[in-house]
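Descriptive structure summary
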Amino acid sequence: MTISELMLAVAHDDLARARAALRREPDLNHGRGTLPLYRAAQRGNAPMVSLLLEHGADPNQASHGEDEGLPLCAAASWDHEEALRALLEAGANPDLAECEGWTPLMWAATLGHLATADLLLDFGADPDLCSPLVAAARFGAYGVVWTLLEHGATPLPEALDVARTLAAEDLAELSDGPGVVVSLAADGTTLASSPSPDGDEVSQRGHAAIATLLEDALGERPPVEELMRRAVPYRDVDEDGETWWAAVHAIQRRADDATFSSAVALMERADPMERDFGVDVLSQFGFTAGTRPYLDRTLPVLRDLAEREDDPRVIDSILRALGQQGDPRVLPDVLALIERPGRVHTVRDPVALSAVLPGGDVDGLAALISLSRDASPDVRDYATFGLAALDEDNSDLRSALVDRLTDADLTTAAEATRGLAIRGDDRAVQGVQRVLSESDDVYARDLVLQAAGTLGLDL
């Protein structure tokens, strides 16, 4: 009866009851039915998994119930990261396959579980065993494909063919497929479910991004126009623009004159989305190991577009691109964009301005101080961060930082505190005291603790 009692405890996530049952030293690795460790892993109860392992449960022993297998496969298929970690740390073999030939990594790849795939790979799972790359490409799990390649998986033409075929189907289903429910996957790409006779069919819509990633890995170079057409429909669908940026980065890495000319040509398109894509490509085109071979050819193109562009999104992208060049020569262009009549400031404004602002520039400093007083807390935060990081010190800058010590946004107040402490200004003490007493944000508290250390405060 001890195993029955233990199984009930596992089924109800009752650790105290499980400990009581384990005191009778039941055999945890044999029996006709479901084994306790498998059920705990399936439920994702990491403390229960650890308890069973401590009492001798074998992490590599398959369960005997119908349609059951290895504890590690159960945790991977249900995306239970902490239970998976407990099993791996206890010696579970990440490449051990179930009777049907499924490895834990295959389960994670097939179901698009990025966190568990990452963990398995970090613990030495073979990224090529049973072709998880093809499985992830079929599901549309861009993040899983990316991490497989990062961990040495062989890029497979078969996976690319699958991704290309399904990418063509994604757009139609997402745009007019009846009953499709769209949400976000762990890697920021689109997750969609649609009804079927056998229940909802769930898959990610990262096929376009996967195709771009695999083309790059296999040395294929589709035209810039083709990559842009593949990416544009996802600009406002993926959470962080994964499909968009996969295409942008693939083009940037080419770093040749013909590709550069194709990107420049996009600046003349009537569609602002296409101009936006071109700007993002040029933003870091050819950047390698700190070198910027296209800098002097990129700046005139961006500056010319900056003068005539009126689309707010493209202007934001131009600001980001100018800031990423990190060249003080574009300061007048950045200021002109920021100070345009009717401009609603975004975080791009202070980020770009800080990146190109040389020490001692009065107009640029005044603009950054003005942004530190913006109505948007995000803009104030980034502007204050920029002020704090400047390699200069004067009364106007200090006064602007002091003003932010009482900011309603405590992260902004923490940034100001850091900036004052760096300059040896004792008024930073006010910020230290306020943030430590009012904020539980780890980042903000770390900033003021650093400031306190800089000032030599004994907290």
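Please refer to the structure higher up on the page.
My aim in this report is to walk through the structure given alongside it, one point at a time. (Residues numbered from 1 in each chain as written. Predicted model: local features only at pLDDT ≥ 70, side-chain atom pairs only at ≥ 80, totals over all residues. Heavy atoms only, no water.)

Quick look at the overall build of the chain
- Of regular secondary structure, the chain possesses 26 helices and three strands.
- With the C-alpha coordinates aligned to their principal axes, the bounding extent of the chain is approximately 80 × 60 × 40 Å.
- The burial tally for the chain puts 51% of its 459 residues in the buried class.
- For the chain, restricting intrachain contacts to residue pairs at least 6 apart in sequence, the fraction spanning at least 24 positions comes to 66%.
- Carbon and sulfur atoms make up 50% of the accessible area of the chain, which amounts to about 20,600 Å² in all. (Helix = DSSP H or I, 4+ residues; strand = E, 2+ residues; numbered from the N terminus. Buried < 20%, exposed > 50% of the residue type's maximum accessible area, 1.4 Å probe, protein only. Contact = heavy atoms within 4.5 Å. Areas by Shrake-Rupley, 256 points an atom, 1.4 Å probe, with all protein chains shown as cover.)

Remarks on the side chain of H113
- Following the sequence through the fold, H113 ends up in the loop between α7 (104–111) and α8 (114–122).
- Here H113 falls in the buried class, since its relative accessible area comes to 15%.
- Separated by 2.9 Å, the side chain of H113 and the backbone oxygen of S77 make a polar contact.
- Apart from the residues lying within four places of it in its own chain, the contact partners of H113 are A76, S77, W78, D79, A108 and V144. (Polar contact = N/O pair within 3.5 Å; in protein donor to acceptor, adjacent residues only side chain to side chain.)

Here we look at helix α14 (residues 242–252)
- Burial within α14 is extensive, with nine of its eleven residues counted as buried.
- Turning to α14, its buried residues are E242, T243, W244, A246, A247, V248, A250, I251 and Q252.

Digging into the nonpolar core
- Grouped together as the largest cluster of nonpolar side chains are 67 residues, with contacts concentrated most on F277, V279, I318, V334, L353 and L387.
- If near-sequence neighbours (up to four positions away) are discounted, I318 is found in contact with V279, L302, L305, A306, E309 and L337.
- In terms of nonpolar packing, the next biggest core, distinct from the first, is built from 59 residues, A18, A86, A117 and Y142 among them. (Core = buried A, V, L, I, M, F, W, Y, C linked by side-chain atoms within 4.5 Å.)

A look at the pattern of salt bridges
- Using the criterion set out here, one finds 38 salt bridges in the structure.
- The partner of R303 in a salt bridge is D333, with the nearest N and O atoms 2.7 Å apart. With R303 in helix α17 (residues 295–308) and D333 in helix α19 (residues 331–338), this pair connects stretches of sequence that are 30 residues apart.
- Its relative accessible area of 29% is what places R303 among the partly exposed residues.
- Within the structure, one salt-bridge network assembled from shared partners comprises R164, E215, E220, E226 and R230. (Salt bridge = Lys/Arg side-chain N within 4 Å of Asp/Glu carboxyl O.)

Examining the packing of aromatic side chains
- Within the structure shown, the criterion is met by five aromatic pairs.
- By the ring-pair criterion, three or more aromatic residues cluster together here, those being F260, F285 and Y294.
- Above the ring of W244, the side-chain terminus of R235 is found at 4.1 Å from the ring centroid. (Phe/Tyr/Trp six-rings, centres within 6.5 Å; stacked < 30°, edge-to-face > 60°. Lys NZ or Arg CZ within 6 Å of the ring centre and 35° of its normal.)

Looking at a nonpolar patch on the surface
- On the surface, L449, L457 and L459 cluster together into a nonpolar patch covering about 280 Å² of accessible area.
- With respect to the element layout, L459 can be found in the segment after α26 (442–455). (Patch = residues over 30% accessible without salt bridge, like charges linked within 9 Å, V, L, I, M, F, W, Y side chains within 5 Å.)

Digging into the environment of A192
- Checked against the element boundaries, A192 lands in strand β2 (residues 190–194).
- Considered as a pair, A192 and S203 are eleven residues apart in the sequence and their alpha carbons are 5.7 Å apart.

Notes on unusual backbone geometry
- With a phi close to 55°, D13 is a non-glycine residue in the positive phi region.
- Turning to its location among the elements, D13 is positioned in the loop between α1 (2–11) and α2 (15–22).
- Relative accessible area serves as the criterion here: at 36%, D13 is assigned to the partly exposed category.
- Phi at C130 takes a positive value of approximately 70°, unusual for a residue other than glycine.
- When you line up the elements, C130 lands in the loop between α8 and α9 (132–139).

Some thoughts on the packing of α14 against helix α16 (residues 272–283)
- The contact between α14 and α16 brings their axes to 8 Å, and the two run at 50°. Relative to α16, α14 is oriented oblique. Relative to α16, the crossing made by α14 is right-handed. Facing α14, whose interface residues are W244, W245, A247, V248, I251 and Q252, α16 presents M273, D276, F277, D280, V281 and S283.
- A class-by-class count of the residues in the contact of α14 with α16 yields eight nonpolar, two polar and two charged. (Axes fitted to C-alpha atoms, helices over the stretch in contact; angles between N-to-C directions. Parallel < 35°, antiparallel > 145°, perpendicular 65-115°, else oblique. Left-handed = near helix turned anticlockwise from the far one by under 90°. Nonpolar A, V, L, I, M, F, W, Y, C, P; charged D, E, K, R; others polar.)

So, helix α4 (residues 46–54)
- Listed as buried for α4 are A46, M48, V49, L51, L52 and L53.
- You can read the cap of α4 off the contacts: a side-chain oxygen lies 3.0 Å from the backbone nitrogen of M48, and it is on N45.
- One or two positions beyond α4, positive phi appears at G56, with a value near 100°.

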